[in-house]
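# Residue-level structural notes
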Amino acid sequence: MADADRTPANGIERHVHRLEFTVEWPPGHAAAYLVEDDETVLVDAGTPGDEARTELSDGLTASHHAPGDVDHVLLTHAHRDHIGQLRTLLERGSPTVYAPREIAARYQRDMETVATATRTNLVEAGVDADVIDTAAERLVGFHRIVRDLLPLDEVDVWIDHGESIDVGPLEVEPIRAPGHHFSQYCYRTELDGERTLFSGDVAMEPFRAPALLVNFDDGVRESVSTFLETLRRLETYDIDRVYPGHGPKHTAYDDVIARSINDFESRLETTHESLSLDGSTAFELASERTGRKHDIERLLVEMVGLLSHLETRGRARSTLEDGVRYYSPA
């Protein structure tokens, strides 16, 4: 599905078309954006699969384009709902592909190393023995999917924070924004006099993306601390209009960033109040919050990050017993 931005001021509707791809989690879609000019730029590439391939084609057709017409593909981060149709675009045309350099560094690790780190972190989080094998296989599988969807040799330009680049007709300022994902970037540019941000999974209305950073391998404990640092840095930017990866496009940048910070602070308080004097694991707290012990990877990663951040603030302490980390109030 494609949706042209109908904002009457400045004629932005001539430039940005929104493409939506169906996903199984709220809000039910992932968004990509086609920027029209002498050359076309597609920010993000939708979800994988046949249904998404049809949605890509239909969305571009509604904008009077075809997959082979895309001149440039600019990726915000390496999650499958943002890179899923890259191979389709490469099969149908020859776009220049731009991606965060951090992705290349992560790809250099072999899968055995990833699997070992993942399992160690799951044990440390207190995951029950009856589900740890399934959880580890599922999480490591996400790495394999992403590597298949985004081959490194298809990336033409690796992006670095703060180094402005030309992406076709756009002059883009890349802003590194890790927390939801280690490779997350936002891209600031100007469209018809407006300070515009293609934000990926940051600054979304009306919700905040979970703190994931990684798929439960190296860096999982830093997810919340890193995300909060990102949000506080993003507070310093002046943005008029946001095109996010989920949720509606909006003009409430400052309010959305502030709400995301407040949401983290609220969750930190709730987590602190849930700590047992005898010690709580991340898995126990995440299970209590969801009411189940399966399919909680997203909440579990954030819970590990929340607990670790409480410890860095001196509000919790942890002990490691037989590989399992127990948190209690400090």
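Look above for the structure.
What this report covers is the structure whose coordinates are included nearby.

What follows covers the environment of Cys186. The topology assignment puts Cys186 in strand β10 (residues 185-191). A relative accessible area of 0% means that Cys186 is categorised as buried. The contact partners of Cys186, leaving out residues within four places of it in the chain, are Glu173, Pro174, Ile175, Ala177, Leu197, Phe198, Ser199 and Val202.

The next point concerns the packing of helix α8 (residues 253-274) against helix α10 (residues 297-312). Where α8 meets α10, the closest approach of the two axes is 10 Å, and the angle between their N-to-C directions is 80 degrees. Viewed along their axes, α8 and α10 adopt a mutual orientation that is roughly perpendicular. Across the interface between the two elements, Phe264, Arg267, Leu268, Thr271 and His272 from α8 touch Glu302, Met303, Leu306, Leu307, His309 and Leu310 from α10. Considered class by class, the residues forming the contact of α8 with α10 number six nonpolar, three polar and two charged.

Enumeration over the complete set of coordinates arrives at four cavities of 30 Å³ or more. Estimated volume of the largest cavity: approximately 130 Å³. Around the largest cavity, the lining is made up of 14 residues, and of these Tyr107, His143, Val146, His181 and Phe182 lie nearest the centre. Examining the composition of the lining of the largest cavity, we find that four residues originate from one element, helix α6 (residues 129-149), more than from any other. Residue classes in the lining of the largest cavity are distributed as seven nonpolar, three polar and four charged. Asn121, Glu124, Ala125, Val220, Arg221, Thr281, Ala282, Val304, Arg325 and Tyr327 are the residues that line the second largest cavity. Secondary structure elements with two or more residues in the lining of the second largest cavity: α5 (111-124) and β14 (324-329).

One simple way to see leftover space: roll a probe sized like a water molecule over the atoms. Computed from the structure, the largest pocket encloses a volume of approximately 1300 Å³. Looking at the largest pocket, it is lined by 39 residues, and the ones nearest its centre are Trp25, Pro26, Pro210, Leu212 and Arg298. For the lining of the largest pocket, the elements supplying multiple residues, two or more each, are α1 (50-62), α2 (80-83), α6, α8 and α10. It is α10 that contributes the most residues to the lining of the largest pocket, five residues altogether. Each residue belonging to the lining of the largest pocket can be placed in one class, and the counts come to 17 nonpolar, seven polar and 15 charged.

Once that is clear, we can look at the packing of aromatic side chains. Each aromatic ring pair is described using two quantities: the centre-to-centre distance and the angle formed by the ring planes. By the definition in use, this model includes five aromatic pairs. Considering the side-chain rings of Tyr33 and Phe198, the 5.9 Å spacing of their centres and the 55 degrees angle between planes classify their relative orientation as tilted. Of the two residues, Tyr33 sits in strand β3 (residues 29-35) while Phe198 sits in strand β11 (residues 194-200), which places them 165 residues apart along the sequence. There is no split in this pair, since Tyr33 and Phe198 are both buried. Cluster of aromatic residues (ring-pair linked, three or more members): Tyr33, Phe198 and Tyr243. In this structure, Arg208 packs its charged tip against the face of Phe264, placed 3.7 Å from the ring centre.

The rules behind the values
Residues numbered from 1 in each chain as written. Predicted model: local features only at pLDDT ≥ 70, side-chain atom pairs only at ≥ 80, totals over all residues. Heavy atoms only, no water. Helix = DSSP H or I, 4+ residues; strand = E, 2+ residues; numbered from the N terminus. Buried < 20%, exposed > 50% of the residue type's maximum accessible area, 1.4 Å probe, protein only. Contact = heavy atoms within 4.5 Å. Axes fitted to C-alpha atoms, helices over the stretch in contact; angles between N-to-C directions. Parallel < 35°, antiparallel > 145°, perpendicular 65-115°, else oblique. Nonpolar A, V, L, I, M, F, W, Y, C, P; charged D, E, K, R; others polar. 1 Å grid on protein atoms, 1.4 Å probe; cavity = no way out; pocket = protein on both sides within 12 Å on 5 of 7 lines; lining within 4 Å. Points joined across faces, edges and corners; volume = space filled by probe spheres on them. Phe/Tyr/Trp six-rings, centres within 6.5 Å; stacked < 30°, edge-to-face > 60°. Lys NZ or Arg CZ within 6 Å of the ring centre and 35° of its normal.

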